[in-house]
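Remarks on the overall topology
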Amino acid sequence: SLGEWEMVYSFLMLAAPLAVLGVPGSFGRYAEHYRQRGHLRTFLTRTTIWTTVCGLISVAIIETLAPQLSQMMFGDVKYADVMRNIGFCLLTIILQHTLTALLTALRLYRIVSAMQFVQSILFAVISLGLMWRYPTMNSILFGYAIACLISSVGAIIWAWPAFRDLDRPEDDLVHREFWVKLLRFAFFVWVTNLLTHLFAIVDRYMIVHYANLSPSEALEQVGHYHSSRINKKCHGA
């Protein structure tokens, strides 16, 4: 189960920023830029719509290609139902990552810190509770998704007054000028995320596909590998 969760978590951390094509990564660069020009509301509205649409398309792709993605990730098509669960979990992670990037760009650090703290505590409590009743990897997955969703909704409620009081723009922001500038920067954010996350997880996929082990044996070794890395970090600290 630990090996299964390690593969799921690594996939989610790779897919979440890639699914939205790097646009939330532009918040730190452009939020203040458009705030000073009176277009912050327009900027947030357009990027929110973009992120929502990309997230839904990504979930649809995962649901459609669940058997193929199961083979790629676990080395076995029997995890297709797990992949479908991962698709819905991905939405909650995209929501949390987008909020984190946005609130950090708006310098609402207290809300970001509280959201991350609550998410960590809820993840531990909910996952352990679910695993006590259903000791499978799905319990960890659902616990993580629920924790992300609750902490994100709480952060939205807390930050809502700041969003509600944004000034409406006095003039229109031309779409072509807006998207060309934004997507040019987002593309490089996307490439950076892709290379960084692939470098971090490629070793797990090599164990699954090139260790000449059965899928269950490979996932067991991924679990041992994950544990050994944690032990190494603890001893190094």
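Residues numbered from 1 in each chain as written. Predicted model: local features only at pLDDT ≥ 70, side-chain atom pairs only at ≥ 80, totals over all residues. Heavy atoms only, no water.

**Side note on the confidence of the model for the protein**
Model confidence for the protein is summarised by a mean pLDDT of 86, while 95% of its residues fall at 70 or above. Within the protein, no element has a lower average pLDDT than helix α9 (residues 215–236), which sits at 72, and none a higher one than helix α6 (residues 109–133), at 93. (pLDDT = per-residue confidence, 0-100. Helix = DSSP H or I, 4+ residues; strand = E, 2+ residues; numbered from the N terminus.)

**Regarding the nonpolar core**
Ranked by internal contacts, the top residues of the largest apolar core, which has 39 residues, are Val 8, Leu 12, Met 73, Phe 74, Met 83 and Ile 86. Elements with a contribution of two residues or more to this core: α1 (2–19), α3 (40–64), α4 (66–74), α5 (80–105), α7 (137–164), α8 (175–210) and α9. Considering each element in turn, this core owes the most residues, 11 residues, to α1. In contact with Ile 86, not counting residues within four places along its chain, are Val 8, Phe 11, Leu 12, Met 73 and Leu 141. In terms of nonpolar packing, the next biggest core, distinct from the first, is built from 25 residues, Phe 27, Phe 43, Trp 179 and Leu 182 among them. (Core = buried A, V, L, I, M, F, W, Y, C linked by side-chain atoms within 4.5 Å. Buried < 20%, exposed > 50% of the residue type's maximum accessible area, 1.4 Å probe, protein only. Contact = heavy atoms within 4.5 Å.)

**A few points about the pattern of salt bridges**
Within this structure, the stated rule accounts for 5 salt bridges. Glu 32 is the partner of Arg 107 in a salt bridge, and the nearest nitrogen-oxygen pair spans 3.5 Å. With Arg 107 in the loop between α5 and α6 and Glu 32 in helix α2 (residues 27–36), the pair connects residues that are 75 residues apart, well separated along the chain. If you follow the salt bridges from partner to partner, you end up with Glu 6, Asp 203 and Arg 204 in one network. (Salt bridge = Lys/Arg side-chain N within 4 Å of Asp/Glu carboxyl O.)

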